[in-house]
Amino acid sequence: MILAVFGVLALVSAASMLVLKEPMRVALALITSMMSLGAIYGLLGVHFIAAFQVLIYVGAVMVFMVYVIMLLQVREAPGHRRYSNLLVPGLVGGALLLGALAVGMSRPGVPQAALPDSSQSFGLTAFSTAFLQQYWLAFELTSVFLVAAIVAALAVIGVSRRAGGSTRG
């Protein structure tokens, strides 16, 4: 039951990221979604991945995103609409997707996903070995992407400050 609650919370916060317009609210929705996923991992017994989910995604990446949003100094215009113009089509599309999933899962003869055997454990040693052998390139590319995002944000700030005519000193 509690697993379903965190699943619904993750789904609702992920969907709200698509329709909200203010960058800080989108970042808070992403934090909620990532925390919910961390809770799901913890409830499934994969505590090491849950800790990584919270520490890396919520702790590091979201602090970075909030820092960039605050660095860009995004301001809301008076009379600014809270939701995107695509809210209604998005809700209709989401309802159609949920309906198709419900029909697909209710059909007889469709194999149900089996939960992993609880006797098998995926410990720190197995995770470290798999990470260093298979996923190191993706991890390094992510760090390069984050550095490029910082440089791009600083370039946007420099361009917007020059275009606005603000000078320092």
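In case you missed it, the structure is sitting above this.
All residue numbers refer to position in the chain's written sequence, counted from 1. Residues qualify for local features only when their pLDDT is at least 70, as the model is predicted, and side-chain atom pairs are given and counted only at 80 or more; totals for whole chains, interfaces and linings, by contrast, use all residues. Working from all heavy atoms in the structure, the side-chain values ignore hydrogens and water.

S.K.: Would you take a moment to explain the nonpolar core for this structure?
M.R.: Across soluble globular proteins, nonpolar side chains show a tendency to be buried alongside one another. Counting seven residues, the largest nonpolar core is built from Ala27, Leu30, Met34, Val58, Met62, Val66 and Ile69. Strands are runs of DSSP state E lasting at least two residues, helices are runs of H or I lasting at least four, and both sets are numbered from the N terminus onward. Counting residues per element, this core draws most heavily on helix H3 (residues 47-72), at four residues. Contact partners of leucine 30, with chain neighbours within four places excluded, come to Met17, Met62 and Met65. The nonpolar core is taken to be a set of buried Ala, Val, Leu, Ile, Met, Phe, Trp, Tyr and Cys residues, with the residues joined through side-chain atoms within 4.5 Å. The classification of residues rests on relative accessible area computed with a 1.4 Å probe and restricted to protein chains. Under 20% of the type maximum is buried, over 50% is exposed, and intermediate values are partly exposed. We call two residues in contact whenever any of their non-hydrogen atoms come within 4.5 Å of each other.

S.K.: Sorry if this is basic, but what is going on with the packing of helix H2 (residues 23-43) against H3 here?
M.R.: How two helices sit against one another is set out by the angle between their axes and by the gap between those axes. The interhelical angle for the contact between H2 and H3, taken along N-to-C directions, is 175°, at an axis separation of 8 Å. Taken as axis vectors, H2 and H3 run roughly antiparallel relative to one another. Here Pro23, Met24, Ala27, Leu30, Ile31, Met34, Met35, Leu37, Gly38, Tyr41 and Gly42 of H2 lie close against H3, whose contacting residues are His47, Ile49, Ala50, Gln53, Val54, Tyr57, Val58, Met62, Met65, Val66 and Ile69. Side-chain classes are defined by residue name, with Ala, Val, Leu, Ile, Met, Phe, Trp, Tyr, Cys and Pro counting as nonpolar, Asp, Glu, Lys and Arg as charged, and the others, Gly among them, as polar. Looking at the contact of H2 with H3 residue by residue, the class counts come to 18 nonpolar, four polar and no charged. Only the stretch in contact is used when fitting a helix axis, every axis being a line fitted to C-alpha atoms; angles between N-to-C directions are given from 0 to 180 degrees. Here roughly perpendicular refers to angles of 65 to 115 degrees, roughly parallel to angles under 35, roughly antiparallel to angles over 145, and oblique to all remaining angles.

S.K.: Honestly, the side chain of glutamine 53 in this entry has me stumped. Any pointers?
M.R.: Relative to the helices and strands, glutamine 53 is located in helix H3. Not counting residues within four places of it along the chain, the set of residues in contact with glutamine 53 comprises Met34, Leu37, Gly38, Tyr41 and Val58.

S.K.: For this particular structure, what's the right way to read H2?
M.R.: Think of an α-helix as 3.6 residues a turn; residues three or four steps apart then line up on the same face. By definition here, a helix of n residues has an expected span of 1.5 Å times n minus one. Along its 21 residues, H2 runs 30 Å from first to last C-alpha, staying within 8% of the 30 Å computed at 1.5 Å per residue. Buried residues of H2: Ala27, Ala29, Leu30, Ser33, Met34, Ser36, Gly38 and Ile40, and no others. Of the residues one or two after H2, glycine 45 is the one with positive phi, at around 90°.

S.K.: Can you walk me through a nonpolar patch on the surface in this structure?
M.R.: A cluster of nonpolar side chains, Met1, Ile2, Leu3, Val5, Tyr41, Leu43, Leu44 and Val46, forms an exposed patch at the surface whose accessible area comes to about 750 Å². In terms of residue count, the dominant contributor to the nonpolar patch is helix H1 (residues 2-19) (three residues). For methionine 1, the location among the structural elements is in the segment before H1. Note on methionine 1: relative accessible area 82%, which makes it exposed. Note on patches: the residues involved have over 30% relative accessible area and no salt bridge, like charges join within 9 Å, and the nonpolar side chains Val, Leu, Ile, Met, Phe, Trp and Tyr join within 5 Å. Here the Shrake-Rupley method, with its probe set to 1.4 Å, supplies the accessible areas, and only the displayed protein chains count as covering residues. The salt bridge definition used is simple: a Lys or Arg side-chain nitrogen within 4 Å of an Asp or Glu carboxyl oxygen.

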